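The chain contents come next:
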Amino acid sequence: MTKALDVHGISRRGFVQMASGLTFVLGVGGVTAVRASALNDAPLEVSHWLSIRPDGVISIVFPATEMGQGSYSTLPQILAEELDANWDDVEIEQLNADDRRFGNPLFGGVLYTAGSTAVQAFFEPMRRAGAQARDVLLQVAARELGVAKEELRTEPSVVIAPDGSRMSYGELVALGADGVTVPDAERVNLKDKSEFRIIGKDLPRRDVFAKSTGMAEYAIDVDLPNMAYATVLRAPVEGERPVSINDAAARAVPGVLDVVSLPDGVAIVAESLWSALGARSELEVEWSEDAPARQFNSEDTLRQYAQAADDPDAEHAVWAEKGDARAAIAAADRTYGQMYLSDYAYHAQIEPMAAVASVDADGQGAEVWAGTQTQSWTTRTVMDVLGIPEENVRLNMMTMGGSFGRRTAFAQDYVRDALLSSKAVGRPVKVIWTREDDVKHGTFRPAAAQKLEAGLTADGKLDGWHHKVATPTVIGFFNPVRWASVRPNDVISMRGAESKFYGITDFRADHIITPRQARLAPYRGIGAAYTSFAAEAFMDELAEQAGRDPLDFRLDLVEDNPRGRHILEKVAEMSGWRNRGDRALGLSFAGYSSSMAAGVAEIEVDADSGDIAVKHFWAAVDAGLIVSPDNTMNQIEGGIVFGISMALREKIDIENGEVLQNNYWDYEIARANQIPQIEIYVADVDAPPVGIGEVGTPMVSAAIANAFHATTGRRLRHMPFTPDRVLGVMAS
Amino acid sequence: MTKFVLNGQPVEYANSPDEMLLLVIRDTADLKGTKYGCGAAMCGACTVHVDGQAMFSCQMSLGDVEGAEVTTIEGLSDDGSHPVQKAWVAEQVPQCGYCQSGQIMRAAALLSENPDPSREEIVDYMSANLCRCGTYNRIFKAVERAAKEV
Ligand code: FES
Ligand code: FES
């Protein structure tokens, strides 16, 4: 699927370094080198972002990684637009190294694909790189034709002269760069929105054909000559290690090559996965039973967090503040408060963790195939595990079978397993986690307890808002290095609690950083997956307390946010909110980062079973400029489905440090027969793109809880809304 | 030796007849389009056709298909031209894509049993397969589109 340009077996970068032919290279801010020689068959490398070959093929670097979100297609489209390229001429080159020239500006230059940031972060730099390259091509054509550059124009992949004659980009590249200057990236002309041919149009995704024919290659599919397979028996509790291993029976299983002791587990390496799995079940391992994590019990954890959220003296870090929330609430006509709870949740991406490693015979280098959300931290993992320098790491970033935050960690244990296993047997090794491994050794969305308090004026308006979130730091666990620099601000734990789409005069959100009692990771929507549940369920309760319609109550708060107002009114119109009668509708207004979403859920409650069925979901979204409209719909819809799934069923329980769930039969995710009809409106606005991968998720749970109140008069304040909880609430 | 027909070709494999069919397909026959997701009949990523029926290949052993005809996504068409695959591309169904071989194989089995399914029948039949990316509504539309072409 991913093509790295290859010229006679020499990689593009290698070829450029040989400089046989015309090559000119731009650095980040301008020209760093202009070289030319006699041969005209070399690519024109106008900037590190792209190269154009004389045969007309345009190769554009994809700096992120693909997990289903579609930026593998979208990011190169942004550059191709300003280059005025014919999209069919474009090849996409996956970035397979921790090359910080392509770093994500929103993560301090780390190669990190997360937080719905890819389009937002790369929109400007990739547009400008495309525009610079187009300008260079115009200069070559002007020189060649003896006309002023300004008299030329472009159509996809061709420059057109005033007399109508045409020169393709490929032809121009072959003519050499003599006399050409590269325009300053900051000052280069960009297209007006009305001139777009690619952005905002519906070009098919590049990966869809491969993904409809079984041809897309994921890490779990990588096959190398002489490759062995490994499976790992892991310590059942975090922090424990094997103290004695009886592997006699395991070693006797035909095909077993080796049994490798890992810091937190035992790997079986075999000629086939079948042998490895069979041998694993024969292993007898005694684990150290002294880890502090043995004390982790999710029910106790949530109880402790709730106590902390309720404790007025709990130590806290202020996450967001405006005016004086506490004073406003104290002085308000009426005050109201509620507690909301949410359990651990698991990513449940369908491709479990898998990686292939081939460690060099001298142990001083390795090639690795893995699907991760970060070239940077995967590179680091390989360096740290083998104690080797960065230049000896050869990475292949594979398309991922979903991730949703699963493959973001600073230290990647499945990559480590593959490296250590390969080193032990001196062969390439593929490590595959079974689904049970992936669940039991998952990294979870943290459990959280949230206390909200607010004041109301005599005429039913909001007068002070205080949102306290008792949950651990996620960053502190999955990326301690980042935590050292951002502490105590944890955007992963807290996002959404800033309620920034509302203009609330006296506002405060606090993070009560509770002790961590599970392995944690970002999860689709990060903090907003639960903070928006609490905030928007509470908003509905406040409206009720104030005797106001939930829509009107919110509209008061978006007077300074006309775009927010627009989508709230839009979703009300789509769902027939004003004339809803006794339909079970619930409204929610949330979003992700700077992308806003208003949603209405219509549900049915089965009073006997406690099952909630979502029958219809309407969403209105404002995510700034939309690069790929069709993919945007698919992503928002997927985000809504994810939100329904987590709101209704998803829950991880931990007892004595062990995860109780095993597989999809006890960690249920939404199936086809649980999916409502979904209608989505996306606002057409003149504003920079701000991301669509997660915006669909945070609004959903509160919309369902609020719809539940509309039909039963009861409140759901503990997510997920499992049948037992629903029945409990209805009986109360 | 277990003999069967795989994507139209007679094959024979010396693997243990107890070995999971999914692993034989992926690692011995080297057909990687069929995926592992759960090994527990819960996700359908491993769906193949055995004598025309959609089956979870993680729930079958090699010995179970002795003499049978097994079709994987690679055997559905050489070039993505099966109506279900064309509909998948037209509707731009896949996101991560990992579940989609299984979804397509299940959809193709549905349409060969029932060329004109109702929306309810489609939803019901497709509920055996999970899609964590949430492409279900597109799957339904793609099955309806393919039904018009079959
Ligand atoms: S892998 Fe067979 S049903 Fe999930
Ligand atoms: S497309 Fe990702 S699981 Fe279905």
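Cut-offs used in this document
Residues numbered from 1 in each chain as written. Chains lettered and ligands numbered in written order. Predicted model: local features only at pLDDT ≥ 70, side-chain atom pairs only at ≥ 80, totals over all residues. Heavy atoms only, no water. Contact = heavy atoms within 4.5 Å. Buried area = accessible area lost by both parts, 1.4 Å probe. Salt bridge = Lys/Arg side-chain N within 4 Å of Asp/Glu carboxyl O. Pairing = 2+ DSSP bridges. Helix = DSSP H or I, 4+ residues; strand = E, 2+ residues; numbered from the N terminus. Axes fitted to C-alpha atoms, helices over the stretch in contact; angles between N-to-C directions. Buried < 20%, exposed > 50% of the residue type's maximum accessible area, 1.4 Å probe, protein only. Polar contact = N/O pair within 3.5 Å; in protein donor to acceptor, adjacent residues only side chain to side chain. Domains from an automatic or database assignment.

### Focus: the interface of chain A and chain B
Alright, step 1. Listed as interface residues are 59 residues of chain A and, on the opposing side, 48 residues of chain B.
Alright, step 2. In total, about 4200 Å² of surface goes out of reach between chain A and chain B, with carbon and sulfur atoms giving 56% of it.
Alright, step 3. Sorting the residues of chain A by area buried against chain B places Trp 274, Ile 350 and Arg 671 of chain A first, and these three jointly supply 17% of that buried surface.
Alright, step 4. Across the pair Arg 138 of chain B and Asp 630 of chain A runs a salt bridge whose closest N-O atoms are separated by 3.0 Å.

### Notes on the sheet that holds strand β9 (residues 153-155) of chain A
Residues and elements named next belong to chain A.
Alright, step 1. Pairing within the open sheet is antiparallel, and its three strands lie in the order β9-β10-β11. Unpaired on one side and paired on the other, β9 and β11 (166-168) mark the two borders of the sheet. On average, each strand axis in the sheet is inclined to that of its neighbour by 30°, with strand direction left out of account.
Alright, step 2. Note: strand β10 (residues 158-160) against β11, three bridges, orientation antiparallel. Paired with Ile 160 across the bridge in β11 is Arg 166.

### Brief notes about the side chain of Ser 575 of chain A
All names here are of chain A.
Alright, step 1. With respect to the helices and strands, Ser 575 occurs in helix α18 (residues 562-575).
Alright, step 2. For Ser 575, a relative accessible area of 2% corresponds to the buried category.
Alright, step 3. Within polar-contact distance, the side chain of Ser 575 engages the backbone oxygen of Val 571 at 2.8 Å.
Alright, step 4. Ser 575 has contacts with Arg 583, Leu 585, Val 600 and Trp 618, leaving out every residue within four places of it along the chain.

### Some remarks on the domain arrangement of chain A
All names here are of chain A.
Alright, step 1. Along its sequence, chain A is organised into domain 1 (2-212), domain 2 (219-291 + 353-432) and domain 3 (298-346 + 443-731).
Alright, step 2. The centre of domain 1, based on its C-alpha atoms, is set 41 Å off from the matching centre of domain 3.
Alright, step 3. Counting from both sides, the interface comprises 21 residues of domain 1 and, opposite them, 21 residues of domain 3.
Alright, step 4. Roughly 1500 Å² of surface becomes buried between domain 1 and domain 3 when both sides are summed, with 51% attributable to carbon and sulfur atoms.
Alright, step 5. Viewed at the interface, domain 3 and domain 1 are joined by one salt bridge.

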